Amino acid sequence: MAVGGTSFVVVGVWFVVVIGLGQCAQLYGLMPEQPNLYQISPVTGAVSAVGPIGPLAFGQGSITADPEQNLVYAVGANDTNSIIYLVAYETATANRELYMPLPYGGATTAIQWDSTRGEINAFGPRKDNNTYYQFKRVDTTSKKTEDVGPSMNHVWFNINSVSAYDPEYDMFWVAILDYNDIPWIKGFSAANGAVIFNMKDNYGVISLDYDSGNHQIYALALKDGGVQIITFDSKTGMPKLAFSTDWLDALSEVTSIDSKSRTLTGLFMKDSTQGWMLVTINIDTFEEPGPNPDPVELWYTQIFDHFETDDRMFQQRFLVYADYYRAGGPMFFTAGGESDVYGGYHHNGFQFEVASRVGAFILYVEHRFYGESLPFSMEETYTWDNIKRLSIEQAMADNVAVIQYVKTLYGLPANMPIIAWGGSYAGELVTYMRVAYPDIIHASVAGSAPVRYHTFGDVKNGDYFAVTTRDFGHKNQNCPNLVRSAFNEIIAKDSTPDGRQWITEQLRLCSPLEEGEDALRLVALWIENAYAQLAMLDYPWPNSGAVLPAWPIDVSCDVMLGTGSLTYLLGQSIGVLYNNTLDLKCFNITEEYAYCADLTGCGGGTGDPNAMSWDYQSCTELISNVDTNNVTDMFPPYPYDYEELCEYCAETWGATPDPLGLSTRFDWSNSTRIIFSNGLIDPWWPGGVLQTSVALEQYSIIIPQAAHHLDFYGSDPVNDPVSVVKARQQEEGILNEWIAEINAELNQ
């Protein structure tokens, strides 16, 4: 990492804009309660007044610049008349080019030069009601302001009106506090004022800037006793810890990104002896936490049917990572779930962290009939006769065969501890494997494994969407009521052709809404599915895989609180999922939602192998009583219909659901050494194991701030909620004890 700098002392607290970089940089700043624009020498730190800006006291003012025109813009309050003014100063000629009032009620107003429109983007408290904040555009030529988007209630600024503008995606970023004193990073569409990204600021951001070279927002933060630099992808909002130091301080709003030279310039205090230092950092050599290391991909010639006479074989994929392994270490085996094996591999970062500390050998096995482990061609794989070999017993036998093969292939000891990991359905598998193969699987870690859903009746009807509804009301308790009212509006309008056309227009549907109960039911299912997904994936960081912002269900609630008809807002609210790339002009329900998803959770439906395989499993063994009632949830009532499921499964697969089979064949309640973790944001948690027997060394770890197996993801020191950090610490502590115990038992 290239870091260079010049040491000097700056007197007072400054809000500074940097034009240029290094020793060629020009620094312009505001001093609290002083009505001048000042220039700071990047070499000596000498401060000189460029000229008077006006009778303003800047306090918590904000500053920005139009570098092409050499104009510096500042916001401040006039102590005489309490009016907020925007000032522009021409740095080359020392002329004040602009002095205009702004309709804001406080100097804590963020401003950023909008190079796309040649205007100022501003965000601050409304003059008529300073408990509301308003995003505005300021035309500096006509001296007119325009409100963009709805007002926001109970929001005020974090440290020093921190903001940034991205012209590529037309995004305006601010760091703020909400009415609970919780800091957030918000990304607004500068086109319409909509909140696109909504991320909790767990870092203490004091400066934001934009890099046009890779479309990143750079944030300076004060966290963990030092200065950190966080990057955000400006399209997805994905944050990364780029650079962490033990430096004492950084000056607010003092950064400049030069995309051509790939450098960041800012004012930092490295220690108490040197004072402030102008530092230039190469932003391409930041140390960033990357994905899990690349595995070795291998194939095993697997038996098609482990329990009946059938000489057919198929190729099953598995992944190995052996670099952490050392003598005496365990095998961390991860069961494949209902997707490509690489999905689980790259989502289990915490497992890799633990493996590196305990010297574990890592093995991932792709589930039969998923990913690239289809037994035959698509047509042959999904015949009614062949699909019968897609069962939990067959999958577990596959896993055992691959484990034994890998131990021989790599010369691993016969008596090594084997810890099975799995999240969601894979978490159920490793629970059942602990029951069925206790001499091979010595312990299991089951994250968000809804095994009690398949006891059929152990979980109340409606629980899944009751949790979804509570999640949606977390940010604002009125959001679920608005969804209920929106559905009432849709149902009332559906009775006439004009009403259905209105619904089509308000929801921005690509095809006209057809007449009839089935068409209306499909719309409701499409909407329910969106909120269910947003709740399940409600992670504290932007999700690059699903292309979702941090805390997406809170973002969806924010959209629901906007302006327009409730039906329009409902469509835009679920657009956080369906229009996550922000490029859809309309919604195509039949492409975004398959009818079978309501019955079996089939995802993409016919033609998608993963979806078809899951559809079959949900027609045979994995039966879940998920429905809506409009009492504990915000959706139109639609009771669970077991007969409808039976009819669908018989027609589609020639199969009969067996809702009690798993609980009778694999009674996990008396098994030892199982960790069950469940997050209370996850709609599946009511089906998780919530009470366990310590005597059997079963542990139920409840995580209040976690969605679907969030604890399995890699540690994120910036965004991880405290309860998630504590859960991982508890899990690792238990595993350390078990590995020692199992080693002792196996080597007696």
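Quick caveat, the model's predicted, so the values are computed rather than measured.

Colleague: Help me understand the overall build of the protein, please; the structure alone is not making it clear to me.
Modeller: The helix and strand inventory of the protein stands at 18 helices and 34 strands. Burial analysis of the protein (748 residues in total) assigns 58% to the buried set. In the protein, the proportion of contacts linking residues at least 24 apart, taken out of those at least 6 apart, comes to 60%. For the protein, the exposed area adds up to about 28,700 Å²; of that, 50% sits on carbon and sulfur atoms.

Colleague: Mind showing me how you'd approach the side chain of Arg137 here?
Modeller: As for its position among the elements, Arg137 is in strand β12 (residues 132–139). For Arg137, a relative accessible area of 10% puts it in the buried group. Residue contacts for Arg137: discarding those within four places in its chain leaves Asp114, Arg117, Glu119, Ile120, Asn121, Lys144, Thr145, Glu146, Val148, Ala190 and Ala191.

Colleague: Help me out: how do you make sense of the sheet that holds strand β31 (residues 418–423) in this one?
Modeller: Working definition: the strands of a sheet are paired by backbone hydrogen bonds and lie parallel or antiparallel to each other. Overall, mixed pairing links the eight strands, which are arranged β27-β28-β30-β29-β31-β32-β33-β34 in an open sheet. Two strands close off the open sheet at either side, each with one partner strand: β27 (296–303) and β34 (698–703). Adjacent strand axes in the sheet meet at a mean angle of 20° when their direction is disregarded. Two strands pair when backbone bridges link them, and strand β29 (residues 331–335) and β31 are joined in this way by four bridges, in the parallel orientation. Across the sheet, Phe332 pairs through a bridge with Ile419, a residue of β31. Those strands touched by helix α5 (residues 392–409) are β27, β28 (313–321), β29, β30 (361–365) and β31, and its axis lies near 125° from that of β27. The sheet contacts of helix α18 (residues 722–746) involve β29, β31, β32 (443–447), β33 (674–679) and β34, and relative to β34 the element is tilted by about 165°.

Colleague: What exactly am I supposed to notice about the pairing of β28 here?
Modeller: Remember that side chains alternate between the two faces of the sheet whenever the strand is regular. The buried fraction of β28 amounts to seven of the nine residues, a majority that puts the element mostly inside the structure. Where β27 meets β28, eight bridges bridge the pair, whose relative direction is antiparallel. What sits directly across from Gln302, in β28, is Phe314. Pairing analysis gives four bridges linking β28 to β30, with the strands arranged antiparallel. Considered in β30, the bridge of Val320 is made with Leu363.

Colleague: Explain helix α16 (residues 642–653) to me, please; I cannot follow it from the model alone.
Modeller: Because an α-helix completes one turn every 3.6 residues, residues spaced three or four positions apart along the sequence face the same direction. Along its 12 residues, α16 runs 16 Å from first to last C-alpha, staying within 8% of the 16 Å computed at 1.5 Å per residue. Taken as a whole, α16 has its buried residues at Glu644, Leu645, Tyr648, Cys649 and Trp653. Projected onto a plane normal to the axis of α16, the buried residues spread over an arc of 130° and lie on a single side. Facing away from the buried side of α16 by over 90 degrees, the exposed positions are Glu643, Glu647 and Glu651.

Colleague: What am I meant to see in unusual backbone geometry here?
Modeller: When glycine is set aside, most residues are seen to have a negative phi, and most peptide bonds are trans. Backbone geometry places Trp551, a non-glycine residue, at a positive phi of 45°. The backbone of Asn630 sits at a positive phi, close to 65°, despite the residue not being glycine. Mapped onto the secondary structure, Asn630 falls in the loop between α15 (609–617) and α16. Exposure remark for Asn630: the relative accessible area of 33% places this residue in the partly exposed category.

Colleague: How do you make sense of the confidence of the model for the protein when you look at a structure like this?
Modeller: As a general rule, the predicted coordinates of low-pLDDT regions are not to be interpreted in detail. Considering every residue of the protein, the mean pLDDT works out to 81; 74% of them sit at 70 or more. A low-confidence stretch, residues 20–24 (pLDDT under 50), is modelled with 14 contacts involving residues beyond four sequence positions or located in other chains. Contacts of residues 154–161 to residues separated by more than four positions or lying in other chains number 43 contacts, the stretch itself having pLDDT below 50.

Colleague: Looking at this structure, how should I read the packing of aromatic side chains?
Modeller: Here the distance between the centres and the angle between the planes together describe a pair of aromatic rings. Considering all chains together, one arrives at 36 aromatic pairs under this definition. Centre to centre, the rings of Tyr382 and Trp653 are 6.3 Å apart; their planes meet at 45°, and the pair counts as tilted. On the criterion of sequence distance, the pair formed by Tyr382 in the loop between α3 (378–381) and α4 (384–387) and Trp653 in helix α16 is long-range, its members being 271 residues apart. The exposure classification of Tyr382 matches that of Trp653, with both residues buried. Ring centres of Trp421 and Phe712 lie 5.7 Å apart, and the angle between their planes is 65°; this geometry places the pair in the edge-to-face category. Taken together, the positions of Trp421 in strand β31 and Phe712 in the loop between β34 and α18 put the pair 291 residues apart, joining distant regions of the chain. Exposure remark for Trp421: the relative accessible area of 0% places this residue in the buried category. Phe712 gets classed as buried once you look at its relative accessible area, which sits at 2%. Here the basic side chain of Lys493 rests over the ring of Trp502, its NZ or CZ set 4.8 Å away from the ring centre.

Colleague: Is there a simple way to think about the state of the cysteines in this case?
Modeller: The term disulfide refers to a covalent linkage connecting the sulfur atoms of a pair of cysteines. Summed over the entire model, instances satisfying the criterion amount to three disulfides. Between the sulfur of Cys510 and that of Cys586 lies a disulfide, 2.0 Å long from S to S. The sign of the S-S torsion, about 100°, decides the handedness of the disulfide formed by Cys510 and Cys586: right-handed. Here Cys586 lies in the loop between α12 (566–578) and α13 (589–592) and Cys510 lies in the loop between α9 (497–507) and α10 (517–536), a separation of 76 residues in the sequence. Look at Cys586 and you get partly exposed, because its relative accessible area is 30%. Across a sulfur-sulfur distance of 2.0 Å, Cys619 and Cys649 are joined as a disulfide pair.

Colleague: Please explain a negative patch on the surface as it appears in this structure.
Modeller: On the surface, Asp641, Glu643, Glu647 and Glu651 cluster together into a patch of negative charge. Note that Glu651 resides in helix α16. When its relative accessible area of 68% is taken as the criterion, Glu651 is described as exposed.

Colleague: What exactly am I supposed to notice about the pattern of salt bridges here?
Modeller: Working definition: two side chains of opposite charge can pair if their charged atoms are close together. Evaluation of the coordinates by the stated rule reveals 22 salt bridges. For Arg312, the salt bridge identified is with Asp310, shortest N-O distance 3.0 Å. When its relative accessible area of 25% is taken as the criterion, Arg312 is described as partly exposed. Using a relative accessible area of 18% as the deciding quantity, one classes Asp310 as buried. One salt bridge connects Glu366 with Arg317, and the closest N-O pair in it is separated by 2.7 Å.

Colleague: Can you walk me through the nonpolar core in this structure?
Modeller: Generally speaking, nonpolar side chains in soluble globular proteins are found buried as a group. Judged by nonpolar contacts, the single largest core of 96 residues is most densely connected at Phe332, Ile419, Phe472, Trp526, Tyr531 and Met560. It is α10 that contributes the most residues to this core, 13 residues altogether. Aside from chain neighbours lying at most four places away, what touches Phe332 is Gln351, Val354, Ala355, Val358, Ala360, Phe361, Ile362, Leu363, Ile419, Trp421 and Ile739. One finds Phe314, Met433, Met612 and Tyr616 within the second-largest nonpolar core, a separate group that totals 56 residues.

Colleague: Please explain the packing of α9 against α12 as it appears in this structure.
Modeller: When two helices pack together, their arrangement is given by the angle between their axes and by how far apart the axes lie. Remark: α9 packs on α12, axes separated minimally by 7 Å, with the N-to-C direction vectors making an angle of 40°. It follows from the interaxial angle that α9 and α12 lie oblique. In the packing of α9 onto α12, the handedness of the crossing is right-handed. Mapping the contact onto sequence places Trp502, Gln506 and Leu507 in α9 and Thr567, Tyr568 and Gly571 in α12.

Calculation rules
Residues numbered from 1 in each chain as written. Predicted model: local features only at pLDDT ≥ 70, side-chain atom pairs only at ≥ 80, totals over all residues. Heavy atoms only, no water. Helix = DSSP H or I, 4+ residues; strand = E, 2+ residues; numbered from the N terminus. Buried < 20%, exposed > 50% of the residue type's maximum accessible area, 1.4 Å probe, protein only. Contact = heavy atoms within 4.5 Å. Areas by Shrake-Rupley, 256 points an atom, 1.4 Å probe, with all protein chains shown as cover. Pairing = 2+ DSSP bridges. Axes fitted to C-alpha atoms, helices over the stretch in contact; angles between N-to-C directions. Expected span 1.5 Å × (residues − 1). Arc of directions from axis to C-beta. pLDDT = per-residue confidence, 0-100. Phe/Tyr/Trp six-rings, centres within 6.5 Å; stacked < 30°, edge-to-face > 60°. Lys NZ or Arg CZ within 6 Å of the ring centre and 35° of its normal. Disulfide = S-S within 2.5 Å. Patch = residues over 30% accessible without salt bridge, like charges linked within 9 Å, V, L, I, M, F, W, Y side chains within 5 Å. Salt bridge = Lys/Arg side-chain N within 4 Å of Asp/Glu carboxyl O. Lys, Arg positive; Asp, Glu negative; His and termini not counted. Charge placed at Lys NZ, Arg CZ, Asp CG, Glu CD. Core = buried A, V, L, I, M, F, W, Y, C linked by side-chain atoms within 4.5 Å. Parallel < 35°, antiparallel > 145°, perpendicular 65-115°, else oblique. Left-handed = near helix turned anticlockwise from the far one by under 90°.

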